Amino acid sequence: MTEAKLDKVYAPKAIEEKWTKYWLENELFRADVNSTKPAFSMAIPPPNVTGSLHMGHALNNTLQDILARYKRMKGFDVLWLPGTDHAGIATQNVVEKKLHAEGLDRHKLGREKFIQRVWQWKEESGGAIINQLKRLGASCDWSREQFTMSPELSKAVREVFVRLYEEGLIYRDERLINWCPRCLTALSDIEVEHEETPGKLYHIRYPLADNPKEFLTVATTRPETMLGDTAVAVHPDDERYNKFIGKEVLLPLTSRRIPVIGDSILVDIEFGTGAVKITPAHDFNDFEAGLRHSLKRINIFNERAHIKQNIPDINPEIMEEITGLHVHKARERVIHILKEHGFLTKSEDHKHVIGKCYRCKTVIEPYLSPQWYVKVKPLAEEAIKAVEQGKTRIIPEGWQNTYFEWMRNIKDWCISRQIWWGHQVPAWYCLKCNKGEIYEVHGEKRFSAKAKPIVSRTEPKDCPACKSKDIVRDNDVLDTWFSSALWPFSTLGWPEKVETQNLASLLQRYYPTSVIVTGFDIIFFWVARMMMMGLKFMGNVPFRDVYIHALVRDAEGQKMSKSKGNVIDPLVIMDKYGTDAFRFTLAAMAAQGRDIKLAEERIEGYRNFCNKIWNLARFTLMNLEGFSDHWPLTTGHYSLADKWILTRLNAAIKDVTEDLETYRFNDAANSAYQFVWHELCDWYVELIKFDLRGENSEERKMTAQTVLLKILKDSLKLLHPIMPFITEEIWDVLPHEEGDKGQGAGVSSIMQQPFPKTGEDYPDAERDMILIMDVIKAIRNIRSEMNVSPALTIEAVCYSSDVSVIRLLETEGSHIKTLSKVSVLNISAPAGRPENCATAIADNIEIFIPLKGLINFEEEEKRLKKDIEKIEKEILALERKMSNKEFIERAPKEVVEKDKARLEELLQKKTKLEQ
RNA sequence: GGGCGGAUAGCUCAGUUGGUAGAGCGCAGCCCUUACAAGGCUGAUGUCGCAGGUUCGAUCCCUGUUCCGCCUACCA
C-alpha cells in the first residue's frame, strides 16, 4: 500500500523554500566544463545591484530558466551565468541619497571614501536581487556569479579600452554632449529620453548693425541661450533675407555684433521666421553649423546649468540680474527684459521635444565639454554583417530592422561619465606637458581636449615624454554599458585565456553563448554593443540567437512605474499565488511580438492549475495499491482509453518540444495545460476509475496504474521547465523505477531526467475514443438541457447502421454508462424514434433517451428546433459552396471531400431529427 | 518626419503554409459524484476596425483608411 505523501492542500511556499535549498545545496545548476555533453550557455542580462526584482526581471529570467531547464533535460551541459551590474549612475544616486540623509555629500566625503561607501553598500544590500532570482527558481550556476566591477571584469574593461585606444577607435574630443545638470555627467545619446512637451516659440528682433532701424527676426524656443549667440543664419535662397548675408546684427541685451550667414542645412525657409539664431555651445544643430562656419562658441552656463559670471559682451546690469540663475529661471528673466525693450515681437504655442535624463528625468542640457568617444562605425559594420549572414538570429524577426536601422545610423559613442562609481578611465596626464590645458571643477583637475593622455593598462610611473613624475589620473569613469558590452566573454575569463588553461576551455566551450534573452528596451544599450565588442575581441558573435521578449504592463496596458502607482510586485504575487503559478502565467502570456498586460485573475487561474496538478498527483498516489513497477507495459494490455491518452501524450510532447525549440513559450504552456487538465484529468482519470478500483480485472488495474503513473511522470517532466517546484515535489514522492531517480550521490531531481520522448501512436484508438466521448457529451447535454438531476440514473438507446460502430459501442459502452450515468445502454435497438424520447445525434450515432415521467415535452421541442435550425444554417452554407462549380474544380480534393461528407452527415442528421 | 506593432466573445489575449473562429477569466443553469468547490457537468455570446482588391473561397495575402500604442529623429 502506497501511502499518500502529499499534503491534502497545496501550499507552495514551503515547497518552494525546500527545493530551492535542495537544488542550491546539491549544486544541481552547476555547469561542467569537462562534460562530454554538448554545451548550452546563456549570460544573464545582469540586473543592477541596486535593483529589486520587478516584472521585467521576472519575465526575463523565467523565460531563461525555462530554456535552461529544458535544455538540461534535453541532455545539454547548461551554463547559465549569473551576475549583477554595477550600474554607475543608478548606484551612485542611491548611495548619494543615503549620504544626504546623513547630512553629507560625496564632495565632502571625497572620492576614495565615497567609493568605499558604495562597496560597503554593495556588500550589505547588493545581494537582494540575487536572492530574489533564486526564489524565482532561476537555475543559474551561482558558483560563477559575476559583478561588472570585480577585479577580473575590470581587467577586461581596461584591456578593451587600451586596445581600442591604440587602434585609434577610442579618442578624446571637445564636443557638445548631453549633460544632466543633476547627475553632473555626460550621457550618451541613447541615455536621453525624448518627450514631447508644449512650449513656446519666441520671435525676437535682432537689429542690423549698420541700420538699427531694420530688423532680422529670429524664432527660438530657448531665448535665454541668445546670450551665447555667435551668428544668425538665413537660407541662401530666401529672397526676404539673403541680402543680409555677410552683414552683421546687434545681439540684443549685449554689445556683441554677430554675422548673418547663409546656411541651407540649418535653415528651413518655411519654419518660424526663416531666420535662426546660432548658439554653437548650447544646441546640437548650431554646434554643427558653428563647425561649418568656424564660429566662436560662447558657453553661458556651468555644470549645474546655472548662468555663469561675466559672459562676454553682456550689459552689466543684465548680467548681474541673471548670474547664478538656473537656465529655466533665466529664461523668464530674459523674456521679460526682451519684452520691456521691445525686442520680443511674438510668442506662439509650439510643441517640441525635450530630452530628459533616463535615470533622474532631469531636463538635459547640451553642454560643451571634453569627453572620451568610441569610433563605432567600423565596429558596427561587422555587427551588421554578422546578422545579415545569419551568424546571429534575432527573434522575433521584426526586431532585425530596428537593429539594422540603428547600426546603420550609429554615431560615435560618448563613453565618459563625470561620476565616481564605475570603471575609471585608464588614462593619465602629465601636469608638466599639459600645463595650459588644466582646469578645475569641484577641486578635481580636468583636462581640455587638447591635453595628451597617457593610456595604459597599469599606472605609469612617470611621463613617457618628459619623465616627470607629476602625473594625474583622468577623473572620468566609463559608461556602465561599456562593461556590459563585454559581458558574454569577460564573464568567461577573458582576457586571461593565455595564462590559465581552465579559463581558456571555459571560453572555448561556452562562447559564443547559445542565446541571449532580453527586452527590446535594451537592444541598443546592450545587444548591439555586445555584438560589436564580441566580434571585435573574440572574432565571433557573442550569441547565436537573440530572443527579444515583450514588456510587462499593467492590466490597462500602462507601463508599470512607481510614479503611476500601478506596479505589481512579483514578490507579492509569488507569496500570494506561488512561484509556479506566477511563472506559468508569464510563460503563457509571453506571445511573441506583443506586450503583456498582466491581470491578477489570470495568475489565479494558473494557481488553480497548480492545484489541479497537485490533486491529480494525490489521486494517483491513492490509487497505486498493489502497484508493481515490473508490470510490463505492452500494447496487448492497453485499453482504448490507454491508447488514446498515450496518443494524446505524444501530441503534447511534440507540441511542447517544438514550441520550446522555437521560443514559443505561450504555446508550450497552453499545450501542456490543455493536455493535463482537459484530456488527462477530465477524461482519462474518469475513464480508468473503474479499472483502478479493481472492478474489472487485476490486469486492467495493473495496466491502468502503470499507464497513469507514466503519463503523470511525463506530464511533470513536460511542465518542469515552467513549473519547477511543484513538479519536483510530486516527482519526489512518486514511486520510481531503477534509474528513474537520477544519478550520483543520492541526489535526485526531476531536472536530471530526460525530457519526454514520443512513443507509439494509436490513431484508430484516438478516433474511436472521440466517438465514445461525443456520445457521452451528447447524453450529458440532453440531461442538462432537460433538467434531469445528476443524481438520477437513466436509460439510453444508441443506434448506428455501421457495424464497426455498433461493436465499438458494445465493447466500450461501460464508459458511456459511467460517465453519463446511464444504467441500461441499449445498442441494438432498431432505427426510428421511440416514443417519448429526447434525441441527439453524435457522429451519426442516434441517441434516444426515454424520458417518461421526467420530461418537459415543450423543452424537448424547443431543444430539437434549435438543433435543427443550427444544422439548417450550416447545410445552406455548404450547399451554396457545393453548387459552386469552381470550388469543386479548384479547391483541394480533401477539402471538397470533407465538405461533401459533412453535408451528407448533416442532411442525414436533419432527417433523423425531424422524424 | 521616418519606422514598427496592435485593432478577433463583456474583459485579457491565442489563431504558423487562405477552406465552416479558440482559450482563460467573467456570465447563466445544474451538481458538495470519496483527487480537486482553487472543483465537475452543460450552455450563451463574435458582420475577426473600416473600404476596396486578388481568389472558387480572406480573420489570414495586397492597397487605401481610421483609431490606439511603441520606437526613432537636430525643425530652430
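Residues numbered from 1 in each chain as written. Chains lettered and ligands numbered in written order. Predicted model: local features only at pLDDT ≥ 70, side-chain atom pairs only at ≥ 80, totals over all residues. Heavy atoms only, no water.

Thoughts on the overall build of chain A
Consideration 1: Scanning chain A from N- to C-terminus turns up 28 helices and 31 strands.
Consideration 2: The globule rule puts the C-alpha radius of gyration for 915 residues at 29 Å, and the 37 Å found for chain A is more than 25% above it.
Consideration 3: Across its three principal axes, chain A shows a C-alpha extent of roughly 115 × 70 × 55 Å.
Consideration 4: For chain A, buried positions account for 55% of its 915 residues. (Helix = DSSP H or I, 4+ residues; strand = E, 2+ residues; numbered from the N terminus. Rg over C-alpha atoms; globule rule 2.2 N^0.38 Å. Buried < 20%, exposed > 50% of the residue type's maximum accessible area, 1.4 Å probe, protein only.)

Observations concerning the nonpolar core
Consideration 1: With 210 residues, the main nonpolar core has Phe482, Met533 and Phe584 as its most contacted residues.
Consideration 2: Grouped together as the second largest cluster of nonpolar side chains are 44 residues, Val260, Ile300, Ile314 and Met319 included. (Core = buried A, V, L, I, M, F, W, Y, C linked by side-chain atoms within 4.5 Å.)

Observations concerning the pairing of strand 5 (residues 170-180)
Within a regular strand, the side chains alternate between the two sheet faces.
Consideration 1: With eight of its 11 residues buried, strand 5 lies for the most part within the structure.
Consideration 2: Alignment of strand 5 against strand 14 (residues 365-374), held across 10 bridges, turns out to be antiparallel. When the bridges of strand 14 are listed, Tyr171 appears paired with Tyr373.
Consideration 3: Bridge analysis of strand 5 against strand 6 (residues 185-187) gives three bridges, and the strand direction is antiparallel. Counted as the bridge partner of Asn178 is Leu187 from strand 6. (Pairing = 2+ DSSP bridges.)

A look at the sheet that holds strand 29 (residues 822-826)
Consideration 1: The strand order across the open sheet formed by four strands is 29-28-31-30, and the pairing between neighbours is mixed. Looking at the sheet topology across the chains shown, the edges are occupied by strand 29 and strand 30 (837-842). Sheet twist, expressed as the average angle between the axes of neighbouring strands with direction ignored, equals 25°. (Axes fitted to C-alpha atoms, helices over the stretch in contact; angles between N-to-C directions.)

Observations concerning the environment of Leu633
Consideration 1: With respect to the helices and strands, Leu633 occurs in the loop between helix 19 (600-622) and helix 20 (640-661).
Consideration 2: Judged by its relative accessible area of 30%, Leu633 is partly exposed.
Consideration 3: Separated by 74 residues in sequence, Leu633 and Val707 place their C-alpha atoms 7.7 Å apart.
Consideration 4: Excluding anything up to four places from it in sequence, Leu633 contacts Tyr638, Thr706, Val707 and Lys710. (Contact = heavy atoms within 4.5 Å.)

Examining the packing of aromatic side chains
Consideration 1: Following the criterion strictly, the structure yields 36 aromatic pairs and no others.
Consideration 2: Between the aromatic rings of Trp119 and Phe147, the centroid separation amounts to 5.7 Å while the plane-to-plane angle is 75°, which identifies the pairing as edge-to-face. Of this pair, Trp119 sits in helix 5 (residues 111-125) while Phe147 sits in strand 4 (residues 146-147); the two residues are 28 residues apart in sequence, bridging distant segments of the chain.
Consideration 3: Overall, the relative accessible area of 6% leaves Phe147 in the buried class.
Consideration 4: Site record: aromatic cluster; members linked through ring pairs are Phe161, Tyr165, Trp372, Trp413 and Phe482.
Consideration 5: Just above the ring of Phe147 sits the side chain of Lys122; from NZ or CZ to the centre is 4.1 Å.
Consideration 6: Sitting over the ring of Phe215, Arg205 keeps its end group 4.4 Å from the ring centre. (Phe/Tyr/Trp six-rings, centres within 6.5 Å; stacked < 30°, edge-to-face > 60°. Lys NZ or Arg CZ within 6 Å of the ring centre and 35° of its normal.)

Describing helix 22 (residues 698-719)
Consideration 1: Here helix 22 is 22 residues long and its end C-alpha atoms lie 31 Å apart, about the 32 Å a rise of 1.5 Å per residue gives.
Consideration 2: Burial within helix 22 is extensive, with 19 of its 22 residues counted as buried. (Expected span 1.5 Å × (residues − 1).)

Looking at the environment of Tyr358
Consideration 1: Note on placement: Tyr358 falls in the loop between strand 13 (344-357) and strand 14.
Consideration 2: Counting along the chain gives 178 residues from Tyr358 to Cys180, while the straight-line C-alpha distance between them is 9.6 Å.
Consideration 3: Setting aside chain neighbours within four positions, we find Tyr358 in contact with Glu191, Glu193, Trp481 and Phe525.

Let's talk about the pairing of strand 8 (residues 215-220)
Consideration 1: The buried fraction of strand 8 is high, at five of six residues.
Consideration 2: When strand 7 (residues 192-207) meets strand 8, the two strands line up antiparallel, connected through six bridges. Within strand 8, the position partnered with Pro207 by the bridge is Phe215.

Let's talk about the sheet that holds strand 16 (residues 413-414)
Consideration 1: The four strands are arranged 6-5-14-16 in an open sheet whose pairing can be described as antiparallel. Of all the strands in the sheet, the pair left with one neighbour each is strand 6 and strand 16.

As for the side chain of Arg700
Consideration 1: Its location among the elements puts Arg700 in helix 22.
Consideration 2: A distance of 3.2 Å separates a polar atom in the side chain of Arg700 from the backbone oxygen of His637.
Consideration 3: If we ignore the near neighbours within four places in the chain, the residues touching Arg700 are His637, Tyr638, Ser639, Asp642 and Asp691. (Polar contact = N/O pair within 3.5 Å; in protein donor to acceptor, adjacent residues only side chain to side chain.)

Focus: helix 28 (residues 893-914)
Consideration 1: The end-to-end C-alpha distance of helix 28, which contains 22 residues, comes to 31 Å, matching closely the 32 Å that a straight helix rising 1.5 Å per residue would cover.
Consideration 2: Listed as buried for helix 28 are Val896, Asp899, Leu903, Leu906, Lys912 and Leu913.
Consideration 3: Tucked into the core, helix 28 has its buried residues touching strand 30, strand 31 (845-850), helix 26 (857-882) and helix 27 (885-890).

Describing unusual backbone geometry
Consideration 1: In this model, Trp494 is joined to Pro495 through a cis peptide bond whose omega is 5°.
Consideration 2: Tracing the sequence through the fold places Pro495 in the loop between helix 14 (487-490) and helix 15 (501-510).
Consideration 3: Look at Ala305: it is not a glycine, yet its phi comes out positive at around 65°.
Consideration 4: Looking at where Ala305 falls in the secondary structure, it is placed in the loop between helix 8 (284-293) and helix 9 (316-322).
Consideration 5: For Lys467, which is not glycine, the phi dihedral falls at a positive 65°.
Consideration 6: Among the secondary structure elements, Lys467 is positioned in the loop between strand 21 (453-455) and strand 22 (471-473).

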